[in-house]
Amino acid sequence: MILNTYKKYAAIAALNYISFDSIIGIGSGSTISYFIQALSTIKDRVIGVISSSYNTTFILKKYGIKVFDLNTISTSITYIDSADEINNNMEVVKGGGAALTKEKIIASVSKKFVCIIDKTKQVNKLGFFPLPLEIIPISYSYIAQEIFKLGGIPKYRRGIITDNGNIIIDVYDLNLEFPILMENKINSLPGVVSVGLFSYRKPDLILIGAKNGVEIIK
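The numbers attached to residues start from 1 for each chain and follow its sequence in the written order. Restriction of local features to residues with pLDDT of at least 70 applies here, the model being predicted, together with a cutoff of 80 or more for giving and counting side-chain atom pairs; totals for whole chains, interfaces and linings are based on all residues. Here the side-chain values reflect all heavy atoms present in the structure, with hydrogen atoms and water set aside.

Caption draft 1: Up close: the packing of helix H1 (residues 2-13) against helix H2 (residues 30-39). Note on geometry: axes are lines fitted to C-alpha atoms, helical ones only across the stretch in contact, with angles between N-to-C directions running from 0 to 180 degrees. Only DSSP runs of H or I reaching four residues or more are called helices, and only runs of E reaching two or more are called strands; each is numbered from the N terminus. Between H1 and H2, the least distance of the axes is 8 Å, while the angle of their chain directions is 50°. In terms of axis orientation, H1 runs oblique to H2. Judged by the twist between their axes, the crossing of H1 over H2 is right-handed. Counting all contacts with H1, which are made through Asn4, Lys7, Lys8, Ala11 and Ile12, the residues of H2 involved are Ser30, Thr31, Tyr34, Phe35 and Ala38. Geometric relationships in this document are graded by angle, where less than 35 degrees denotes roughly parallel, more than 145 denotes roughly antiparallel, 65 to 115 denotes roughly perpendicular, and other angles denote oblique. Should the near helix be turned counterclockwise from the far one by less than a right angle, the crossing is left-handed, whereas a clockwise turn marks it as right-handed. Two residues form a contact once any of their heavy atoms are found within 4.5 Å.

Spelled out as structure tokens, the structure:
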């Protein structure tokens, strides 16, 4: 599939932003799987990585890449992750893989956030991809009612329990014209663990895999 080729272009290009003897934060998803494959070719260059999910940790260990607990790290981190959508203001929707909470934590503490995507993830306006929310299970009915009030349509993601033991609601048809305002509103709801809007901690750099190679946006 041609999109997989574009993902590989972006993943390989991200190696240019990995410093010797560094700690890397790594997100989740298919593009990140390609990045881990690429990283394995230079794994002796890095000290190790911080993982955002059990699945990512599994892949990292398969390639023999050392994984650290974030709480044990005091040095600066470069975070590599992809996105479900990203707009022209570099605001991001993430969480399709249900790892949004750990991804947001690692992104927030990182010195640099490099986002690697294929060209289909670049949009003029966020909202076509449903917005994921990680919530505490007991809050489901309450959160669903509040999301309706905000104009969205909540849908429980069946069969998914997050690494943190919570559930995911995917919100459809929500107006994300002002992502920061919506992120604030949703974060204020009791029971919300994390919302998949990255409008405060946006990427510092975007690598977009496309037909002619990789486009860089800063």
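Caption draft 2: View of the nonpolar core. Take the buried residues of types Ala, Val, Leu, Ile, Met, Phe, Trp, Tyr and Cys, join any two whose side-chain atoms come within 4.5 Å, and each joined set is a nonpolar core. Only protein chains enter the calculation, and the probe is 1.4 Å; a residue is then buried if its accessible area is under 20% of its type maximum, exposed if over 50%, and partly exposed in between. Counting residues in hydrophobic clusters, the biggest one holds 25 residues, and the most contacted among them are Ile24, Ile26, Phe35, Leu39, Ile80 and Ile116. Breaking this core down by element, the ones donating at least two residues are H1, strand E1 (23-26), H2, helix H3 (54-62), strand E7 (112-118) and strand E13 (205-210). No other element matches the six residues that H2 contributes to this core. With 19 residues, the next largest nonpolar core counts Leu133, Ile135, Val195 and Leu197 among its residues.

Caption draft 3: How the structure looks around the sheet that holds strand E5 (residues 85-86). Read across the open sheet, the three strands follow the order E5-E6-E12; overall the sheet is antiparallel. Looking at which strands have only one partner, the edges of the open sheet turn out to be E5 and strand E12 (197-198). Pairing between strand E6 (residues 92-93) and E12: two bridges, direction antiparallel. Each bridged residue has a counterpart across the sheet, and for valine 93 the counterpart in E12 is leucine 197. Pairing between two strands requires that DSSP report at least two bridges joining them.

Caption draft 4: Highlighting the pattern of salt bridges. Any Lys or Arg side-chain nitrogen located within 4 Å of an Asp or Glu carboxyl oxygen qualifies as a salt bridge. The full count for this structure, using the stated rule, is eight salt bridges. Close ionic contact of aspartate 118 with lysine 121 constitutes a salt bridge, the shortest N to O distance being 3.0 Å. Of the two residues examined, aspartate 118 and lysine 121, each falls in the buried class. Linking lysine 149 and glutamate 146 is a salt bridge whose minimum nitrogen-to-oxygen distance equals 3.0 Å. Of this pair, lysine 149 and glutamate 146 both sit in helix H5 (residues 140-149), three residues apart, which is roughly one turn of the helix. Salt bridges linked by common partners bring Asp81, Lys94 and Glu103 together as one network.

Caption draft 5: Spotlight on the pairing of E7. Buried residues dominate E7, accounting for six of its seven residues. With four bridges connecting them, strand E4 (residues 77-81) and E7 associate as parallel partners. Bridge pairing in E7 links aspartate 81 to cysteine 115. Here E7 runs beside E13; their pairing, made up of five bridges, is parallel. Residue pairing across strands places aspartate 118 opposite glycine 209, the latter belonging to E13.

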